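# Fold and contact review
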Amino acid sequence: MSLSSNSVKLKYLKLGYQYFVNNILSFLLITIMASITLPVLRNDHTNIIDTISHPLDHLNLLQLLTFTFLIIFFSTLYLMSKPRSIYLVDFACYKPPVELQVPFSTFMEHSKINLKDNPKAVEFQMRIIERAGLGEETSLPPAIHLIPPNPTMEASRLEAELVIFSAMDSLFRNTGLKPREIDILIVNCSLFSPTPSLSAMIVNKYKLRSNIRSFNLSGMGCSAGLISIDLARDLLQTHPNSNAVVISTEIITPNYYQGKERAMLLPNCLFRMGGAAILLSNKRRDRGRAKYRLVHVVRTHLGGDDKAYRCVYEEQDPQGKTGISLSKDLMAIAAGALKSNITTLGPLVLPASEQLLFLFSLIGRKIFNLKWKPYIPDFKQAFEHFCIHAGGRAVIDELQKNLQLSAEHVEASRMTLHRFGNTSSSSLWYELSYIEAKGRMKKGDRVWQIAFGSGFKCNSAVWICNSTVKSTTNGAWNDCIQRYPVHIPEIVKL
Amino acid sequence: MTIESSSSSSTLEPLIYNVKLSSVGPGEMTRPDTIHEPTSIDLAMKLHYLKGVYYFKSHEAFASITIVQIKEAMFRWLCQFYVICGRFRRFSEDSGRPYLKCNDCGARLMEAECAKTIEEWLELLSDDDSLEKKLIFGQPIGPQIEYSPNVYLQCGGISLGLSWAHVLGDVHLASFFINTWGKIMAGHKPGSPPVLAQYTKEETPPGQKRTLNEPLSIKWVDPVGDQWVPSLTTKMESFSFHISATQLGRLQSKVSGSKKSDPVPPFESLCAIIWQCVAKFKTGTESNVVTIVKHDSCKKNKKFDNENQVISIVKTKCSVVESDIEELATLVMKGDIHEHEKLKNWVESEKGALDVIVYGVNLTFVSFEQAAFYELELKGQNPVHASYWVDGIGDGGAVFVLPTSKDDGKGRFVTITLPEKELIKVKHELKENVLQASE
């Protein structure tokens, strides 16, 4: 009884402290104003006007003009040097057709036939599927549905066209954008990089302008989506009155591992088809209709450490088959990368109260050597919504634990993993789409998108909702959102 | 994966090429833990497989059909038939009685191209029946029943092949299944799933012992475990032929003899004639018993399953060869030893764990006459020919009587499956004496 009342008292104390520190400027301003106004009010009114206008009588025209000019000059300088606001007008996620869905039973049966000489590998895949947190409606490309899978280059291009063009058509419909209006095009697809590039494929299909600034990022892993956003932001800072289309996807067809090494079979069980198209703009007229404004992008690269560099590694197995090998230290490295990223992000987004507490805790531990637990800042104070890359159940569990998030905060990530699987760089957009479809996105809400990827990289993006998003009928979640959230058992019975 | 091998014709280039294998399943997720329990009659049929091929004449409407459209339609179609998309498991208690877990695993689909046109193919078929097997890709259930599809579909542009595990249902269900696909391709919405009879355990009232009469229509085979293929040693061959309406009329009058006012129906006439023909080449009293399998036309409800099959035995004491054809026909028409209850009781007494065959125990005459094969419509076209038979037949042999599209449906298409040695003689006999004489 006393313990709970103590913790309640502590909670109110903390709330009071947060309210005070976060609004300290307001408190100070009120105090100063009060200390000036109250004595003045005690005196006579007419004296105030005399006291204020007295110095001005001594100014001549030149001084007045210089003064005015300086004010105008400094305010113009300030406005010009302010970084341009980057707006996310809208985005569209690819919704795979029903024929490409892979129920558990079909996946296991095909696996059994394709790997008939390796019952242990099949057994391993079954155990992964039982625990992975995926649902029965995730999708694989057509070439992988065949027995045995037939990953030709033509099939890879077909998948790329299917995913990318579908997402782009949705984006054009949602925003009313005309293909010839696109100024900047950035495509990120880690594992499929043909010549001509995927961005060239898009320019060709939609007959984009010949002076388009197109970029194709490959090999940058699951966090490449936010790298593309960062690049788009830098370009939009340099080029006024422009827009940028960012395509984030991962083409599964060429990367389906057909060998028997366990570490390399894991991606087969988790990676699924998906893609997203995003429209960013710095144009004035898009300010009113844009959904979000980009606030921060923080990138952290741990590639300097050998273990981190090798933890997601594409290589050939002893039989010569190529696949992506995931190391057992992945979770530990991800936790380290997260810590590094939030160390940079924290000061940018956390309210003053949390930063002060963190500072005190740091001083106490490092300088005074007090045996305190390291204080984990409460990021729930800084954000309303969290989009954690749906890399796998373990990643989401780890982050939920480290950041002390509730089940509702990680709901978007878990449900995206269930419905679409790990769609690599586009998973953040499916998660954002989920939050919108649920009608939870209100004006002023802050969103934190966090992605991990090979390298090892941890990238964050912070958005603020520009106008309350009405849940639409044409998103990727439109026909199934009413079923969600679902309960995902620890181990699914196959 | 290779296509079933059959006696090969010596063509230099492969007849079937560009083969692709995949799975198609229901477009909507089935509720978890949905199961279907086959009835005792279903389980008696588990070692048999219905095979069917539909042929369409080439038409410009077919040029616009792509495999993507076909697959997309199949996913909508299979929402209605989610039961057949499941896989068999065994209950851990109750001596391992099999049941279907509706886990959306799907049917196996094979796409292939053929080097011949429909006309060339049908011509080739008339010489070599075994070629038809190439148009069907189907493997029996086993060795692991949890991972074996029940239905295989083969799509080759304008022929559609089906391999259907008989345990799921009879030919009318299979035919309804395919006809529904035709409707879905035309843009109709999937209907509600067909109501399939489920196993209900019947308790014998205390004090009453259920009388068990061994049915004559089943034969025990060596235990098959989870590989649902009967181990049969005799090599069986098939021979098919059309009978035109006129030929059939003449055969009927020959059989009806004195009762010209009340002629024997086509199926029974064919049964009598072929029975006598086959009996000439069978030794011993094996030929005195035949099994007749028909569809119960009285049960006009929408229930399609093995329960609607009427299996009856016809026995004769005297020699078939010397009997009067009229008498044989009368016996066949009467067909008064019904096996349904006996089969059901027998299977239930074994708690569903028996391995038996039904087709081919005795010479089996199967009527597919009422099946709606030609109601299948694809882009407004009906098939020009449909062929069905059953695999896994015992050495008693079987005769399948199917409707045709020619002669306004008054003709018949007959397929006879017998041990190789017998078939050659029967084929000769039929061609010389029976079919010739009726022209």
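Residues numbered from 1 in each chain as written. Chains lettered and ligands numbered in written order. Predicted model: local features only at pLDDT ≥ 70, side-chain atom pairs only at ≥ 80, totals over all residues. Heavy atoms only, no water.

## What about the domain arrangement of chain B?
All names here are of chain B. Considered domain by domain, chain B is made up of domain 1 (9-185) and domain 2 (219-438). Contact residues are listed per partner, giving 57 residues for domain 1 and 57 residues for domain 2. Of the roughly 5200 Å² buried where domain 1 meets domain 2, counting both sides, 63% is carbon and sulfur surface. The largest per-residue losses of area from domain 1 upon contact with domain 2 belong to Ile 41, Leu 47 and His 172, which jointly make up 14% of the total buried on that side. For the interface between domain 1 and domain 2, the tally reads three salt bridges. Summed over the shared surface of domain 1 and domain 2, the number is 16 residue pairs in polar contact (both at pLDDT 80 or more). Sorting the residues of the side of domain 1 that touches domain 2 by element identifies helix 1 (40-44), strand 3 (49-55), strand 4 (87-90) and helix 4 (171-185) as the ones contributing at least two each. Among the elements that take part in the side of domain 1 that touches domain 2, helix 4 stands out by supplying 11 residues, more than any other. (Domains from an automatic or database assignment. Contact = heavy atoms within 4.5 Å. Buried area = accessible area lost by both parts, 1.4 Å probe. Salt bridge = Lys/Arg side-chain N within 4 Å of Asp/Glu carboxyl O. Polar contact = N/O pair within 3.5 Å; in protein donor to acceptor, adjacent residues only side chain to side chain. Helix = DSSP H or I, 4+ residues; strand = E, 2+ residues; numbered from the N terminus.)

## Focus on the interface of chain A and chain B
Each partner contributes to the interface: chain A provides 20 residues, whereas chain B provides 23 residues. In total, about 1700 Å² of surface goes out of reach between chain A and chain B, with carbon and sulfur atoms giving 58% of it. By the criterion of area lost to chain B, the three top residues of chain A are Glu99(A), Glu109(A) and Ile147(A), representing 32% of everything that side buries. Applying the counting criterion to the chain A and chain B interface returns two salt bridges. Viewed at the interface, chain B and chain A are joined by seven residue pairs in polar contact (both at pLDDT 80 or more). Per element, the largest residue contribution to the side of chain A that touches chain B is seven residues, and it comes from helix 5 (residues 104-114) of chain A.

## Observations regarding the packing of aromatic side chains
Residue and element names in this part refer to chain B. Evaluation of the coordinates by the stated rule reveals 33 aromatic pairs over all chains. A centroid spacing of 5.9 Å and a plane angle of 65° characterise the contact between Phe 81 and Phe 176, whose relative ring orientation is edge-to-face. Taken together, the residues span a long stretch of sequence, with Phe 81 in the loop between helix 2 (67-80) and strand 4 and Phe 176 in helix 4 at a distance of 95 residues. We classify Phe 81 as buried; its relative accessible area is 3%. With relative accessibility at 22%, the residue Phe 176 sits in the partly exposed group. Arranged with centres 6.4 Å apart and planes meeting at 80°, the rings of Phe 368 and Tyr 388 form a pair that is edge-to-face. Here Phe 368 is found in the loop between strand 15 (363-367) and strand 16 (385-391), whereas its partner Tyr 388 is found in strand 16, with 20 residues between them in sequence. A single burial state applies to Phe 368 and to Tyr 388, both of which are buried. Among the aromatic residues, ring-to-ring pairing joins Trp 77, Phe 81, Trp 164, Phe 176, Phe 177 and Trp 181 into one connected group. Its guanidinium or amino end placed over the ring of Trp 228, Lys 46 lies 5.4 Å from that ring's centre, counting from NZ or CZ. (Phe/Tyr/Trp six-rings, centres within 6.5 Å; stacked < 30°, edge-to-face > 60°. Buried < 20%, exposed > 50% of the residue type's maximum accessible area, 1.4 Å probe, protein only. Lys NZ or Arg CZ within 6 Å of the ring centre and 35° of its normal.)

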